[in-house]
Amino acid sequence: MTAAMQMPRVEECVVASCAYNHTGDCHAFAITIGSPDHAHCHTFVQLPLRAGVAELTAQVGACQRADCRHNEQLECRAPAIRVGPDNDLADCITYVER
């Protein structure tokens, strides 16, 4: 049996229009990062309601940006990430190209 790896937390999300963002923090269980052209947060949902689990802070479940220096076998190894506006409405600001 393999021990579960600790997934990095979403330390901050400044995308207020996302339904998972309550007060600058993300309450999705886990998020997915990555698109072929930039580090988009694929869990971003623009709705007027608040979603997710209030007691949880989101973790990075998967990252499709293999060219990020924090990425190892499509898993994020950063200690924590930040999400904010960049190339799109919600991107991983922690992304750093190798």
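Residues numbered from 1 in each chain as written. Predicted model: local features only at pLDDT ≥ 70, side-chain atom pairs only at ≥ 80, totals over all residues. Heavy atoms only, no water.

## What to know about empty space enclosed by the protein
- All told, the structure shown has 2 cavities of 30 Å³ or more when counted by the stated rule.
- By volume, the largest cavity is sized at about 80 Å³.
- Residue lining of the largest cavity: 13 residues in total, with Cys63, Cys68, His70, Cys76 and Cys92 positioned closest to the centre.
- A per-class count over the lining of the largest cavity returns 9 nonpolar, 3 polar and 1 charged.
- Each pocket or cavity is described by its volume, and for the second largest cavity that value is around 60 Å³.
- Around the second largest cavity sit Val10, Cys13, Val15, Cys18, Tyr20, Cys26, Ile31, Cys41, Thr43, Phe44, Val83 and Ala90, which together line it.
- Of the residues belonging to the lining of the second largest cavity, the class tally is 11 nonpolar, 1 polar and no charged. (1 Å grid on protein atoms, 1.4 Å probe; cavity = no way out; pocket = protein on both sides within 12 Å on 5 of 7 lines; lining within 4 Å. Points joined across faces, edges and corners; volume = space filled by probe spheres on them. Nonpolar A, V, L, I, M, F, W, Y, C, P; charged D, E, K, R; others polar.)

## Some details on the nonpolar core
- In this structure, Val10, Val15, Cys26, Ile31, Ile33, Ile81 and Val83 are the most contacted members of the largest nonpolar core, which totals 20 residues.
- Every element with two or more residues in this core is listed here: strand E1 (9–13), strand E2 (30–33), strand E3 (59–63) and strand E6 (80–84). (Core = buried A, V, L, I, M, F, W, Y, C linked by side-chain atoms within 4.5 Å. Buried < 20%, exposed > 50% of the residue type's maximum accessible area, 1.4 Å probe, protein only. Helix = DSSP H or I, 4+ residues; strand = E, 2+ residues; numbered from the N terminus.)

## Here we look at the pairing of E6
- In terms of strand pairing, E1 meets E6 through 4 bridges, oriented parallel. Its bridge partner lying in E6, Val10 is registered against Ile81.
- The sheet contact formed by E6 and strand E7 (residues 91–92) spans 2 bridges and is antiparallel. Of the residues in E7, the one forming a bridge with Val83 is Cys92.
- Following E6, the chain reverses through 6 residues before pairing antiparallel with E7. (Pairing = 2+ DSSP bridges.)

## Description of the state of the cysteines
- Within the structure shown, the criterion is met by 0 disulfides.
- Unpaired in this structure, Cys26 has its nearest cysteine sulfur neighbour in Cys13, at a distance of 5.9 Å.
- Looking at the unpaired Cys68, the closest cysteine sulfur is the one in Cys63, lying at 5.8 Å. (Disulfide = S-S within 2.5 Å.)

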